Amino acid sequence: MQVKIEESWKQHLKEEFEKSYFLPLTHFVKGEYTKYTCYPKGKDIFAAFDHSPFDKTQVVIIGQDPYHGPGQANGLCFSVKDGIPHPPSLINIFKEIEADLGMPYPKSGNLERWADQGVLLLNATLTVRAHQAGSHQNKGWEVFTDAVIKKLSQEKEGLIFLLWGGFAKKKAVLIDANKHHILKSGHPSPLSANRGLWFGNRHFSAVNKILTDKGQPPIQW
């Protein structure tokens with residue numbers, strides 16, 4: 001079936017779009033967007049892929065669900081649109097960058113600037129019903145995004161996967177640790193961060209060291 005997604009990803013995932021689970025998933029999503037307010041906007045469902053083409057992806061950050069409040073989700077995990085107040089997890093991400101790299105806390109929570117540098121900001125579930133966290137889980141999205149992770153692991157080398165929190169850490173089984181770098185820590189949510197599981201992980205400087213050691217430019221976090 002035809003899916004509006006960045007061309008390089010379309011080529012790498014074309015077999016996935018033909019699998020038996022994908023058509024029921026698209027019917028479910030279309031029905032939800034017809035009957036209810038859902039996020040992100042339809043044109044942004046595959047934004048993570050559109051901003052970070054397959055061949056340019058260097059870093060993968062795995063989230064769980066899109067934000068379910070008005071105007072927040074823009075198709076990139078942890079990211080919000082310009083002008084939207086920063087959710088607690090994003091605040092803690094920016095605080096860690098501030099401590100790790102000495103960079104000033106940014107005004108915008110829109111992480112398109114990361115994605116455009118090859119940081120794939122991948123939620124496991126790509127859509128959600130307004131104000132109902134997890135409402136689109138177990139409908140097929142996780143099968144699709146697991147396939148994305150496996151495809152990256154199999155067909156690329158030297159990627160850096162950032163697995164934050166218990167949910168993301170479970171994705172490590174999909175990644176070939178002999179070919180790729182896997183950095184793990186607690187989740188940036190206040191619950192985890194306040195228990196000392198997030199702050200001080202220094203993942204952002206670690207990513208940049210791995211990249212510069214390979215002769216590649218660092219990410220401008």
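It should be emphasised that the depicted structure is a prediction, and the values quoted were computed from it without experimental measurement.

Okay, the overall build of the protein next. If you tally the helices and strands in the protein, you get 9 helices and 6 strands. In terms of C-alpha radius of gyration, the protein reaches 17 Å, essentially the compact-globule figure of 17 Å for 221 residues. For the protein, the C-alpha atoms occupy an extent of roughly 45 × 35 × 25 Å along the three principal directions. Taking all 221 residues of the protein together, 55% fall into the buried category. Taking all contacts inside the protein whose residues are at least 6 apart in sequence as the whole, residues at least 24 apart take part in 63%. Approximately 10300 Å² of the protein is accessible, and the part contributed by carbon and sulfur atoms is 53%. Placing the 27 positive and 22 negative side-chain charges of the protein at their respective mean positions leaves the two points 4 Å apart.

All right, on to the side chain of Ser135 then. With respect to the helices and strands, the residue Ser135 is situated in the loop between β4 (128-129) and α6 (141-155). Assessed through its relative accessible area of 18%, Ser135 is described here as buried. Within the local environment of Ser135, its side chain forms a polar contact with the backbone nitrogen of Arg129, the two atoms lying 2.9 Å apart. At 2.7 Å, the side chain of Ser135 forms a polar contact with the backbone oxygen of Gln132. In contact with Ser135, not counting residues within four places along its chain, are Phe28, Val128 and Arg129.

Right, let's talk about the environment of Leu101 for a bit. Within the fold, Leu101 resides in helix α4 (residues 88-101). Expressed as a C-alpha distance, the spacing of Leu101 and Lys43, which sit 58 residues apart in the sequence, is 34 Å. Beyond its immediate sequence surroundings of up to four residues, Leu101 is in contact with Phe204, Ser205, Asn208 and Trp221.

Two orientations exist for strands paired in a sheet by backbone hydrogen bonds: parallel and antiparallel. Read from one edge to the other, the open sheet built from 4 strands follows the order β3-β2-β5-β6, with strand pairing classed as parallel. The two strands at the open ends of the sheet, each matched to only one other strand, are β3 (119-123) and β6 (181-185). With direction set aside, neighbouring strand axes in the sheet form an average angle of 20 degrees. Bridge count for strand β2 (residues 59-63) against strand β5 (residues 160-164) is 3 bridges, and the pairing is parallel. Note that in β5 the partner of Val60 across the bridge is Phe161. Along the sheet face, helix α9 (residues 203-213) touches β2, β5 and β6 and points at about 170 degrees away from the line of β5.

Moving on to the pairing of β2. Taken across its 5 residues, β2 has 5 buried, putting it largely inside the fold. Side-chain alternation along β2 places Val59, Ile61 and Gly63 on one buried face and Val60 and Ile62 on a second face that is also buried. Here 5 bridges tie β2 to β3, and the two strands are oriented parallel to one another. Bridge pairing in β3 places Ile61 opposite Leu121.

As a further point, take the nonpolar core. Ranked by size, the top nonpolar core spans 65 residues in total, and within it Phe49, Ile61, Ile93, Trp114 and Phe144 carry the most contacts. Sequence-distant contacts of Ile61, defined by excluding residues within four places in its chain, comprise Cys77, Phe78, Trp114, Val119, Leu120, Leu121, Leu122, Leu162 and Trp164.

Basis of the calculations
- Residues numbered from 1 in each chain as written.
- Predicted model: local features only at pLDDT ≥ 70, side-chain atom pairs only at ≥ 80, totals over all residues.
- Heavy atoms only, no water.
- Helix = DSSP H or I, 4+ residues; strand = E, 2+ residues; numbered from the N terminus.
- Rg over C-alpha atoms; globule rule 2.2 N^0.38 Å.
- Buried < 20%, exposed > 50% of the residue type's maximum accessible area, 1.4 Å probe, protein only.
- Contact = heavy atoms within 4.5 Å.
- Areas by Shrake-Rupley, 256 points an atom, 1.4 Å probe, with all protein chains shown as cover.
- Lys, Arg positive; Asp, Glu negative; His and termini not counted.
- Charge placed at Lys NZ, Arg CZ, Asp CG, Glu CD.
- Polar contact = N/O pair within 3.5 Å; in protein donor to acceptor, adjacent residues only side chain to side chain.
- Pairing = 2+ DSSP bridges.
- Axes fitted to C-alpha atoms, helices over the stretch in contact; angles between N-to-C directions.
- Core = buried A, V, L, I, M, F, W, Y, C linked by side-chain atoms within 4.5 Å.

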